[in-house]
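Coordinate inspection notes
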Amino acid sequence: MAEPMLHVDGLQKAFGALQATDGVTLTLMPGEIHALIGPNGAGKSTLIKQIAGGLAPDAGRIWFDGREVTALGTPARARAGLGRTFQISSLAMEATVLQNAVLGAMGRAGSAWRFLRPVMRDAELVEQAQAALQRVGLTDHAATRTAELSHGQRRLLEVAVALTLQPKAFVMDEPMAGLGASGSKRMTSFLDGLRREAPILLVEHDMDAVFALADRISVLVYGKIIATGTADDIRADPQVRTAYLGEEDAA
Ligand SMILES: Nc1ncnc2c1ncn2[C@@H]1O[C@H](COP(=O)(O)OP(=O)(O)OP(=O)(O)O)[C@@H](O)[C@H]1O
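Please read these numbers as outputs of a predicted model, since none were measured by experiment. (Residues numbered from 1 in each chain as written. Predicted model: local features only at pLDDT ≥ 70, side-chain atom pairs only at ≥ 80, totals over all residues.)

Here's the deal with the sheet that holds strand β3 (residues 33-37)
Condition: Note: two strands are recorded as paired if DSSP finds a minimum of 2 bridges between them. Strands are runs of DSSP state E lasting at least 2 residues, helices are runs of H or I lasting at least 4, and numbering of each runs from the N terminus. Convention adopted: a line fitted to C-alpha atoms gives each axis, helices being fitted over their contacting stretch, and angles between N-to-C directions are expressed from 0 to 180 degrees. We call two residues in contact whenever the C-beta atoms placed from their backbones are within 7 Å.
Reading across the sheet, the six strands line up as β6-β7-β8-β3-β9-β10 and stay open at both edges, with mixed pairing between neighbours. This sheet does not close on itself; its edge strands, each paired only once, are β6 (82-85) and β10 (224-229). In this sheet, adjacent strand axes meet at a mean angle of 15° when their direction is disregarded. Of the strands in this sheet, β3, β6, β7 (169-173), β8 (200-203) and β9 (216-221) touch helix α1 (residues 44-52), which is tilted by about 150° from β7.

So this is what it looks like as structure tokens:
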């Protein structure tokens, strides 16, 4: 059997008396979209932050691509091939679409801005950035100021920025948030293809997208995974229906 690309084992994180992550164990296998769903405050973002390296767990371990990364920070995990898109935009709004993608291609080094002009003359970086823009369908907007993009286009640009690092796997925090029906559809079809080159751990509230895309779904409630399975397994799980789906999908 294939080795997991990502393996989280027994993760714990408390904020004071609140156990936000309570013994979470999960895997992300090559080629799959594994969706993480759960009510507001269930601990999805807290878990994603620990996986991406921005928040240290109290206990538990994380392996990525066969190597333990528990003690590594975000940049080291990104260099190891873990791509991430954020719930809140991390784009430079005054920069052009292409400049944002180039910044991504150079690894978002903290000092990037000072060197932006010479960097824009680096043919290899610019080529990587253009290739990523083409993949998400933003080529025609390369010279547009990022602030002028629609919300959906910004989401796609965030994915393009993550793509420039050629990640081996993605962790995505609500990529569909705020997208209209057509934006959601476009993102869904893009992620559908992307999983073949890099598996995706997907936190998403858009249940249509989750049930259309996910090979496996894990349900997080009060920091604990209460069920993991296919869309059909999850729909049929009585505990899930009571704890979560029942709120919006009693049918
Ligand atoms: N830095 C923090 N300090 C204290 N409490 C926090 C902190 N971050 C998150 N929490 C709490 O931990 C719990 C889990 O929050 P988290 O944001 O991970 O949930 P979520 O499932 O991502 O929610 P949503 O779906 O609304 O984004 C919540 O009760 C939240 O208030």
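Here the narrative resumes, following the displayed structure.
Overview of the packing of helix α3 (residues 97-105) against helix α5 (residues 123-136)
The criterion, for reference: Roughly parallel here means an angle under 35 degrees, roughly antiparallel means over 145, roughly perpendicular means 65 to 115, and every remaining angle is called oblique. If you view the pair so one helix is near and one far, a crossing is left-handed when the near helix is turned anticlockwise from the far one by less than a right angle, and right-handed when it is turned clockwise. Gly is put with the polar residues, along with every residue not named as nonpolar or charged; the nonpolar set is Ala, Val, Leu, Ile, Met, Phe, Trp, Tyr, Cys and Pro, and the charged set is Asp, Glu, Lys and Arg.
Packing of α3 against α5 brings their axes to within 8 Å, and their N-to-C directions diverge by 115°. Classed by the angle they form, the pair α3 and α5 counts as roughly perpendicular. Helix-helix and strand crossings are classified by hand; for α3 and α5 the assignment is right-handed. Of α5, the residues touching α3 (which contributes Val 97, Leu 98, Ala 101, Val 102 and Ala 105) are Leu 125, Val 126, Gln 128, Ala 129, Ala 132 and Leu 133. Grouping the constituent residues of the contact of α3 with α5 by class yields 10 nonpolar, one polar and no charged.

Comments concerning the pairing of β3
As a reminder of what qualifies: As a rule, residues whose C-beta atom has 12 or fewer other C-beta atoms within 10 Å are exposed, those with 20 or more are buried, and those in between are partly exposed; C-beta atoms are placed from the backbone.
Of all five residues making up β3, five are buried, and the element is well covered by its neighbours. Covered by surrounding structure in β3 are Ile 33, Ala 35 and Ile 37 together with His 34 and Leu 36, the residues of both alternating faces. Where β3 and β8 come together, four bridges link them in parallel fashion. Looking across to β8, one finds that Ile 33 is bridged to Ile 200. Examined bridge by bridge, β3 and β9 share four bridges and lie parallel to one another.

Some details on the nonpolar core
Short version of the rule: What makes a nonpolar core is a set of buried Ala, Val, Leu, Ile, Met, Phe, Trp, Tyr and Cys residues, with links drawn between C-beta atoms within 7 Å. Segmentation into domains, and thus their bounds, comes from an automatic or database assignment.
In this structure, Ala 35, Ala 101, Leu 133, Ala 160, Ile 200 and Leu 202 are the most contacted members of the largest nonpolar core, which totals 64 residues. The biggest single contributor to this core is helix α6 (residues 151-163), with seven residues. Summarising the domain contributions, this core has at least three residues from each of domain 1 (1-81 + 167-251) and domain 2 (94-165). Beyond its immediate stretch of four places on either side in the chain, Ala 160 contacts Ala 101, Ala 132, Leu 133, Arg 135, Val 136 and Leu 138.

Quick look at the packing of α3 against α6
It is at 7 Å that the axes of α3 and α6 come closest, and there the two elements cross at 35°. Two packed elements cross with a definite hand, and for α3 against α6 that hand is right-handed. Contacts from Val 97, Asn 100, Ala 101 and Gly 104 of α3 reach α6 at Leu 157, Ala 160, Val 161 and Ala 162. Tallied by class, residues from the contact of α3 with α6 come to six nonpolar, two polar and no charged.

Let's talk about the site of the ligand
Test applied: Each residue gets a C-beta atom placed from its backbone. Should that atom fall within 6 Å of a molecule or strand, the residue is termed near it.
Taken together, Phe 15, Leu 18, Ala 20, Gly 38, Asn 40, Gly 41, Ala 42, Gly 43, Lys 44, Ser 45 and Thr 46 form the complete shell of residues around the ligand. Secondary-structure elements contributing two or more residues to the shell around the ligand are β2 (18-28) and α1. Among the elements that line the shell around the ligand, the one with the most residues is α1, at three residues. Residues belonging to the shell around the ligand are distributed by class as follows: four nonpolar, six polar and one charged.

Points about the sheet that holds β2
Here we have four strands laid out as an open sheet, ordered β2-β1-β4-β5, and antiparallel in their pairing. Lying at the two open borders of the sheet, with one neighbouring strand each, are β2 and β5 (67-68). Examined bridge by bridge, strand β1 (residues 6-15) and β2 share eight bridges and lie antiparallel to one another. Opposite Leu 11, over in β2, you have Val 24 as the bridge partner.

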